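A look at the structure
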Amino acid sequence: MAEPHRARRAFAPVVLLGLVAGTLTAVAGTRPGVDVVGDPGSGVTASVGLGGPEAAYDLPLVTSLALVALAAWGVVLVTRGRVRRVVVAVGLLGSVGALVAALAAWGSLPDELRTALEQVGAGDTDVTRTGWYATAVVGSLLLVLASGAALRLVPHWPEMGSRYDAPTGQAAGARPAAPTRPVEELSGLDLWRAIDEGHDPTDDDTSGPDRGAG
């Protein structure tokens with residue numbers, strides 16, 4: 001009993017970690033991952049796409065995969081059973097992909113920037129990785145950890161009740177069958193169940209045929 005209890009208590013922290021890490025990773029991927037050290041000149045920075053909010057050398061693949069993981073976290077909140085585990089697995093794959101893409105950019109992004117600088121005559125300019133790049137790596141790593149924990153704990157997590165499912169087997173808006181016994185014969189549990197299902201136990205129509213026989 002201890003393991004399921006701990007798993008249920010971990011539901012909110014793990015989901016919150018996944019959502020925060022996914023958001024940070026997705027945002028970081030839209031920012032420049034590398035920058036030049038010092039000021040190589042306005043003409044150079046304009047030529048290589050640096051210095052503005054629309055700067056190049058960002059991490060679009062990291063952003064895309066982080067958004068996949070974020071979408072999976074949203075679906076986890078409204079699904080149950082096997083479907084839920086499949087969704088968590090998809091989110092884990094997206095998280096691992098984002099981490100791999102971020103780590104792969106460690107060398108590729110600086111090389112791309114150095115090549116662009118050489119083409120505009122500033123090949124001796126130093127290149128550095130930005131804080132946004134570090135955020136993308138750390139965020140994707142936390143996303144992997146949260147998704148891995150979710151895959152292990154999800155069988156014990158609370159699920160949305162079936163009362164929120166779309167109606168099946170009966171017309172939408174149809175109410176469950178009312179109690180068929182006289183209200184005097186209903187126990188306290190039966191009364192509460194009838195009220196919970198939207199019935200009035202004292203109504204003549206819900207007290208069964210015996211009520212009107214007299």
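Below is a summary of the structure that appears in this document.

Structural notes on a nonpolar patch on the surface
A cluster of nonpolar residues, Leu 17, Val 138, Leu 141, Leu 142 and Leu 145, forms a patch on the protein surface that exposes about 410 Å² of accessible area. Considering each element in turn, the nonpolar patch owes the most residues, 4 residues, to helix α6 (residues 131-153). Along the chain, Leu 142 turns up in helix α6.

Things to note about the packing of aromatic side chains
The relation between two aromatic rings is expressed through the spacing of the ring centres and the mutual angle of the planes. Within this structure, the stated rule accounts for 2 aromatic pairs. Centroid distance Phe 11 to Trp 157: 5.1 Å. Interplanar angle 75°. Geometry classified as edge-to-face. In this pair, Phe 11 is assigned in helix α2 (residues 11-28) and Trp 157 in the loop between α6 and α7 (188-196), connecting sequence segments 146 residues apart. A centroid spacing of 6.0 Å and a plane angle of 50° characterise the contact between Trp 106 and Tyr 133, whose relative ring orientation is tilted. With Trp 106 in helix α5 (residues 81-119) and Tyr 133 in helix α6, this residue pair connects regions lying 27 residues apart in the sequence. For the cation-ring pair, Arg 31 lies above Trp 132, with the distance from its terminal atom to the ring centre recorded as 5.3 Å.

Description of α6
Along its 23 residues, α6 runs 33 Å from first to last C-alpha, staying within 8% of the 33 Å computed at 1.5 Å per residue. The complete set of buried residues in α6 reads Tyr 133, Ala 136, Val 137, Gly 139, Ser 140, Leu 143, Val 144, Ala 146, Ser 147, Ala 150 and Leu 153.

Calculation notes
Residues numbered from 1 in each chain as written. Predicted model: local features only at pLDDT ≥ 70, side-chain atom pairs only at ≥ 80, totals over all residues. Heavy atoms only, no water. Patch = residues over 30% accessible without salt bridge, like charges linked within 9 Å, V, L, I, M, F, W, Y side chains within 5 Å. Areas by Shrake-Rupley, 256 points an atom, 1.4 Å probe, with all protein chains shown as cover. Salt bridge = Lys/Arg side-chain N within 4 Å of Asp/Glu carboxyl O. Helix = DSSP H or I, 4+ residues; strand = E, 2+ residues; numbered from the N terminus. Phe/Tyr/Trp six-rings, centres within 6.5 Å; stacked < 30°, edge-to-face > 60°. Lys NZ or Arg CZ within 6 Å of the ring centre and 35° of its normal. Expected span 1.5 Å × (residues − 1). Buried < 20%, exposed > 50% of the residue type's maximum accessible area, 1.4 Å probe, protein only.

Geometric descriptors of this kind do not, in isolation, establish any biological role.
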